[in-house]
Amino acid sequence: MPSVNRPPFIVGLTGGIGSGKSAAAEHFARLGAAVVDTDAIAHELTAAGGAAIPSLVAAFGPDILTPDGALDRAKMRALAFTDPAVKHRLEAILHPMIRQEADARCLAAADAPYVVLVVPLLIEAGEDYRRRCQRIAVVDCPEEIQIARVRARSGLDEDLIRRIMAQQASRAERLAAADHILDNGGDLARLYAQVEALDRLYRELARSAPP
Ligand SMILES: CC(C)(COP(=O)(O)OP(=O)(O)OC[C@H]1O[C@@H](n2cnc3c(N)ncnc32)[C@H](O)[C@@H]1O)[C@@H](O)C(=O)NCCC(=O)NCCS
Ligand SMILES: Nc1ncnc2c1ncn2[C@@H]1O[C@H](COP(=O)(O)OP(=O)(O)OP(=O)(O)O)[C@@H](O)[C@H]1O
């Protein structure tokens, strides 16, 4: 039995924009894993009343908020993925807060069989997240499929999606860092079958991991 004194077994789950991280993570959660999602943490920090709002206003001015006081995501997306200095300042504010909250949530999940820590920028962050993870799983699909799925989901134009992708690790870099690859070039049933196989493996690895 896992105990609260034992550090959790953490699987870092990453992949490019629209690769299917959330779809894979949802299935890990259905199977009983604890999921800590850094995108979700980023959204909480930047919602109205979120802990990052005062620093964002100090850095970018009040116009960066929507009328209800949340980060204006569309405005910030357009700025950050056009001007590298803006992206850098945004990340300098958010990344330490995201990491701190992710650590706290992983520790709080120590009773789960294992933790899936979803980090879009896991490879880009160097050792920041890698050293926290016992294994790294990469959700992978061809770039054209990533673009088609993001367009269908959020209506972003192809140009912007390609600009975001250009600021992420390449597919080859992510695959080189992977202990396990989830091929999401097919339908969801195929993705889920691979998640189920990894769930069995991670339960076994977590049970036999030294405390
Ligand atoms: C620029 C913002 C406001 C745009 O918001 P939006 O709702 O469009 O995107 P969302 O936050 O849901 O992220 C969606 C995807 O965009 C990509 N993405 C997000 N931030 C970044 C980044 N800094 N660099 C590269 N890709 C990124 C990831 O693939 C992510 O999964 C937002 O992405 C943001 O605050 N980014 C900075 C925080 C960050 O780096 N988050 C990544 C998780 S640690
Ligand atoms: N195998 C699949 N078949 C069809 N649609 C899929 C498949 N996998 C994911 N999708 C859809 O593609 C979109 C992107 O998937 P998802 O949100 O899981 O990706 P993500 O990697 O979490 O994205 P982001 O980086 O933007 O947060 C979603 O609308 C999702 O429902």
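Report follows, based on the coordinates.

Conventions and cut-offs
Residues numbered from 1 in each chain as written. Chains lettered and ligands numbered in written order. Predicted model: local features only at pLDDT ≥ 70, side-chain atom pairs only at ≥ 80, totals over all residues. Heavy atoms only, no water. Pairing = 2+ DSSP bridges. Helix = DSSP H or I, 4+ residues; strand = E, 2+ residues; numbered from the N terminus. Axes fitted to C-alpha atoms, helices over the stretch in contact; angles between N-to-C directions. Contact = heavy atoms within 4.5 Å. 1 Å grid on protein atoms, 1.4 Å probe; cavity = no way out; pocket = protein on both sides within 12 Å on 5 of 7 lines; lining within 4 Å. Points joined across faces, edges and corners; volume = space filled by probe spheres on them. Near = heavy atom within 4 Å. Polar contact = N/O pair within 3.5 Å; in protein donor to acceptor, adjacent residues only side chain to side chain. Areas by Shrake-Rupley, 256 points an atom, 1.4 Å probe, with all protein chains shown as cover. Sits in = over half its atoms within 2 Å of the grid points. Nonpolar A, V, L, I, M, F, W, Y, C, P; charged D, E, K, R; others polar. Buried < 20%, exposed > 50% of the residue type's maximum accessible area, 1.4 Å probe, protein only.

Time to look at the sheet that holds strand β2 (residues 34-37). The pairing of strands in a sheet comes from backbone hydrogen bonds and takes either a parallel or an antiparallel form. Taken together, five strands build an open sheet; the order of strands is β2-β3-β1-β4-β5 and the sheet is parallel. This sheet does not close on itself; its edge strands, each paired only once, are β2 and β5 (180-183). This sheet shows a mean twist of 25° between the axes of neighbouring strands, independent of strand direction. Taken strand by strand, helix α2 (residues 38-45) contacts β2 and β3 (115-118), and its axis lies near 55° from that of β2. Lying on the sheet, helix α10 (residues 188-208) is in contact with β1 (10-14), β4 (135-140) and β5; it crosses β5 at an angle near 160°.

What follows concerns the layout of surface pockets. Taken as a whole, the largest pocket spans an internal volume of roughly 1,400 Å³. Along its surface, the largest pocket is lined by 46 residues, and D39, H43, R73, F81 and P120 are the ones closest to its centre. Taken together, the elements giving at least two residues each to the lining of the largest pocket come down to α1 (21-30), α2, α4 (73-80), α5 (84-108), α6 (127-130) and α7 (143-154). It is α5 that contributes the most residues to the lining of the largest pocket, seven residues altogether.

Bringing the site of ligand 2 into the picture now. The environment of ligand 2 is made up of 15 residues, and the closest members are K21, S22, A23, R153 and N184. K21 places a polar side-chain atom, nitrogen or oxygen, 2.7 Å from an oxygen atom of ligand 2. A23 is positioned such that a nitrogen or oxygen atom in its backbone is 2.9 Å from an oxygen atom of ligand 2. A total of 630 Å² of accessible area belongs to ligand 2 in isolation, and the protein chains cover 75% of it. In a pocket analysis with a 2 Å cut-off to the grid points, ligand 2 is assigned to the largest pocket. Those elements giving two or more residues to the shell around ligand 2 turn out to be α1 and α7. No other element matches the three residues that α1 contributes to the shell around ligand 2. A class-by-class count of the residues in the shell around ligand 2 yields three nonpolar, seven polar and five charged.

A few words on the environment of Q167. In this fold, Q167 is placed in the loop between α8 (158-166) and α9 (171-177). Judged by its relative accessible area of 30%, Q167 falls in the partly exposed class. Note: C-alpha distance between Q167 and F81 (86 residues apart in sequence) is 8.1 Å. Ignoring any residue separated from it by four or fewer positions in sequence, one finds Q167 in contact with A80, F81 and K87.

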